[in-house]
Amino acid sequence: MSTEARRRLMRDFKRLQNDPPGGISGAPCPDNILLWNAVIFGPADTPFEDGTFKLALQFDENYPNKPPSVKFISKMFHPNVYANGELCLDILQNRWSPTYDVAAILTSIQSLLHDPNPNSPANAEAANLFRENRKEYNRRVKEVVEHSWE
Amino acid sequence: MNMGGGVDYNNSTTETHEKTEASISSEVKETVDIHSGSEKEETKETPIENTNTITEPQNVSTTAETAPVSSPSNETSDTTEGKTTANAAQEAQITSQQNWEYEQSIKKEVEKTPLVCLTEDIQKLYQEYEQGSEVYRQKIMKLAERHSKIRRCRGDGNCFYRAFGFAWFERLMDSKDNNLRQSALKSLADTIPLFKEAGYQELVYQDIYEEHIEKQMKIVANGEYDEDMLLTIFQTDEISNCIVFYLRLITAAYLKLHREEYEPFLGFEFGMDQFCSSSVEAMDQEADHIHVMALTKALKVPVEIAYMSGSDAMEQVNFHEFYPDDEGSKGTVTLKPLVLLYRPGHYDILYRRE
């Protein structure tokens, strides 16, 4: 396995510990530095507030030339998150840049929570509700917030 | 996809013309339409790339499809790992799946071309257009008067950076001039403080510089490479993409540090930081005039680009010269300009007749 990917992930980890952006945390599994667990706290003043959403990030030896695959482990209700937890987020796909580290990835996902793109739906129901029935959308989001505490 | 930072800067319109290759990239979806000839504006960011494999002349243009990420022009552009969910609408599922498959098929086609190819006689370029545009054939004949060979690069959106990197290393390798080589090493070393000043974290550039960039340039500077070895380096995904990324980072850092000068070239809706993250730092995103200016100035490497378009207004191929400023470079040794060939959406390397 590439030692470069390992070294870079260690640097990512150190940065996340020394200079953690608000509302996110993450760490590699003790026995596998390529697999990370992370938590994103729902941003305040959004329907996701108070949620503690767990994610898994799977890196491979091509990191940071290639992005990790990222998915929500916690149940999520969001226009850009598929039912299996995978995300539709440009920086994890066709706008990936090796300038992103784990902190930047998690921060982007956090801002996706309160700033969904209903035109690029991964969850059509969530996208429709977000556009047409915000009250019901908020109620459904509230459900996953409560679910995230379990 | 299609979330987050957008890249619809309209400053630099270029001509799209008849051309021989189908110009496609992983981003181009179903908007490939065929025109016959006349000039046409398009936003330059549309990632059109040559595959060098299709020989029917066609004019390919893409517009809105690849444009603004923050306000996507349609609802069909979500693809994620080819998977859609059970609760996604049936329609969305089909489109998403189709897009994914289409992107994959293009990607596969593009990947048939090595990242950097062996040189070919310029006649090969002519032959591409034998069934195609007369204008192109005339221009290639003109081009062939002064240029003998072409070296193709893969049309993956990184072709400018890769072509630049290869041509630069090769020029240094061939020059045998130790002063030139040492000053290239110094230009690269001088980029390190730029990154810091532009606000990049050390983890973004330090390892890449130490492990790959400095190492490779030192080998070049020591005259230890021949053409085959250089080709091997540039055909190896990992190293080749590190070099591409590093050149992207230099471009972005330079643009950020000269934002007053370059921001007017961007569309009104984009600031320099957003522009850099979505179309300079991000891999596979094409380079435009502004990128070329920044990189050549940052590294003080002169470049000439032959712009070949299907416009019959000019019989000659138009050369654009990107020479670094005189200021500061006085007294330093000068490198013979790298020569690149640009056809709408794609860069290759050209070789002058001696």
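Residues numbered from 1 in each chain as written. Chains lettered and ligands numbered in written order. Predicted model: local features only at pLDDT ≥ 70, side-chain atom pairs only at ≥ 80, totals over all residues. Heavy atoms only, no water.

Focus: the overall build of chain A
Heads up, the condition is: What counts as a helix is a DSSP run of H or I of at least four residues, what counts as a strand is a run of E of at least two, and both are numbered from the N terminus. Based on C-alpha atoms, the radius of gyration is set beside the globule rule, defined as 2.2 Å times the residue count to the power 0.38. Burial classification: accessible surface area is computed with a 1.4 Å probe over protein chains only, and a residue below 20% of its type maximum counts as buried, one above 50% as exposed, and the rest as partly exposed. Any two residues whose heavy atoms approach within 4.5 Å at even a single point are treated as in contact. Here the open area of atoms and residues is found with the Shrake-Rupley method and a 1.4 Å probe, where only the protein chains shown may cover a residue. The sign given to each residue is positive for Lys and Arg and negative for Asp and Glu; His and the chain ends receive no count. Just so you know, the charge point we use is NZ for Lys, CZ for Arg, CG for Asp and CD for Glu.
If you tally the helices and strands in chain A, you get four helices and four strands. For chain A, the C-alpha radius of gyration of 15 Å lies close to 15 Å, the compact-globule estimate for 150 residues. The dimensions of chain A, computed from C-alpha atoms along their principal axes, are 50 × 30 × 25 Å. Counting across all 150 residues of chain A, residues that qualify as buried make up 55%. For chain A, the proportion of contacts with a sequence separation of at least 24, taken over those separated by at least 6, is 54%. Carbon and sulfur atoms form 49% of the exposed surface of chain A, whose accessible area is close to 6500 Å². Taken as two groups, the 17 positive and 19 negative side-chain charges of chain A have centres that lie 3 Å from each other.

Digging into the UniProt feature "active site" (unreviewed entry) in chain A
Residue and element names in this part refer to chain A. Counted only if it meets this: UniProt positions are given in the numbering used here, feature names are shortened, and annotations may be inferred rather than shown by experiment.
Following the UniProt record, the feature "active site" (unreviewed entry) maps to C88 here. Summarising the element assignment, C88 is placed in the loop between β4 (69–72) and α2 (102–114). What makes C88 buried here is its relative accessible area of 0%.

Comments concerning the state of the cysteines
What makes a disulfide is a covalent bond joining the sulfur atoms belonging to two cysteines. Residues and elements named next belong to chain B. Selection criterion: When the sulfur atoms of two cysteines come within 2.5 Å, that pair is taken as a disulfide.
The tally for this structure, following the rule as stated, stands at zero disulfides over all chains. Unpaired in terms of disulfides, C276 finds its nearest cysteine sulfur in C159, a separation of 19 Å. Its relative accessible area of 0% is what places C276 among the buried residues.

What about the pattern of salt bridges?
Defined as follows: Throughout this description, the term salt bridge denotes a Lys or Arg side-chain nitrogen within 4 Å of a carboxyl oxygen of Asp or Glu.
This structure, assessed with the given rule, holds 25 salt bridges over all chains. The salt bridge partner of R139(A) is E143(A), with a shortest N-O separation of 2.9 Å. Taken together, the residues R139(A) and E143(A), both in helix α4 (residues 134–147) and four residues apart, mark about one turn of the helix. In this structure, E120(B) engages R152(B) in a salt bridge whose closest nitrogen and oxygen atoms are separated by 2.8 Å. You can see E120(B) sitting in strand β5 (residues 116–121) and its partner R152(B) sitting in strand β6 (residues 147–153), a full 32 residues away along the chain. Owing to a relative accessible area of 6%, R152(B) belongs among the buried residues under this scheme.

Looking at the sheet that holds β6(B)
All names here are of chain B. The criterion, for reference: At least two bridges found by DSSP between two strands is the condition for calling them paired. All axes here are fitted lines through C-alpha atoms, helices being fitted over the stretch that makes contact, and every angle between N-to-C directions spans 0 to 180 degrees.
Pairing is mixed in the open sheet, where six strands are placed in the order β5-β6-β10-β9-β7-β8. Lying at the two open borders of the sheet, with one neighbouring strand each, are β5 and β8 (318–322). The sheet shows a mean angle of 30 degrees between the axes of neighbouring strands, taken without regard to direction. Docked against the sheet, helix α3 (residues 134–146) engages β6, β7 (303–307), β8, β9 (338–343) and β10 (346–352), running at close to 115 degrees with respect to β6.

Concerning the packing of helix α4 (residues 159–175) of chain B against helix α7 (residues 202–221) of chain B
Residues and elements named next belong to chain B. Rule in force here: Angular relationships are summarised with four words: roughly parallel below 35 degrees, roughly antiparallel beyond 145, roughly perpendicular across 65 to 115, and oblique for the angles in between. Three classes are used, and their members are as follows: Ala, Val, Leu, Ile, Met, Phe, Trp, Tyr, Cys and Pro are nonpolar, Asp, Glu, Lys and Arg are charged, and the others, Gly among them, are polar.
At a closest axis distance of 9 Å, the pairing of α4 and α7 adopts a crossing angle of 30 degrees. Classed by the angle they form, the pair α4 and α7 counts as roughly parallel. Between α4 and α7, the contacting residues are W168, F169, L172 and M173 on the first element and Q216, M217 and V220 on the second. Of the residues belonging to the contact of α4 with α7, the class tally is six nonpolar, one polar and no charged.

Remarks on the nonpolar core
Where we set the bar: Nonpolar core, defined: a set of buried Ala, Val, Leu, Ile, Met, Phe, Trp, Tyr and Cys residues in which side-chain atoms within 4.5 Å join the residues together.
With 74 residues, the main nonpolar core has F164(B) and W168(B) as its most contacted residues. Take this core: its biggest share by element is 13 residues, from helix α9 (residues 237–257) of chain B. Residues within four places of W168(B) in sequence aside, it is in contact with A184(B), L188(B), M217(B), L299(B), V301(B), L335(B) and L338(B). Core analysis: the next-biggest nonpolar cluster, separate from the first, contains 40 residues, L16(A), V70(A), V81(A) and L106(A) among them.

Focus: the sheet that holds strand β3 (residues 52–58) of chain A
Residues and elements named next belong to chain A. Taken in spatial order, the four strands make up an open sheet running β1-β2-β3-β4, and their pairing is antiparallel. Each end of this open sheet is capped by a strand with a single partner; those strands are β1 (24–29) and β4. Averaged over all pairs of adjacent strands, the angle between strand axes in this sheet comes to 20 degrees, irrespective of strand direction. By the bridge criterion, six bridges tie β1 to strand β2 (residues 32–41) in an arrangement that is antiparallel. Looking across to β2, one finds that S25 is bridged to V39. In the packing of helix α1 (residues 3–18) onto the sheet, contacts are made with β1 and β2, and the angle to β2 comes to roughly 30 degrees.

Regarding the packing of helix α8 (residues 227–235) of chain B against α9(B)
All names here are of chain B. Two numbers describe how α8 lies on α9: the axes approach to 5 Å, and their chain directions differ by 80 degrees. On the basis of their axis angle, the class for α8 and α9 is roughly perpendicular. Contacts between α8 and α9 pair I233, F234 and Q235 from the former with D237, I239, S240 and I243 from the latter. A class-by-class count of the residues in the contact of α8 with α9 yields four nonpolar, two polar and one charged.

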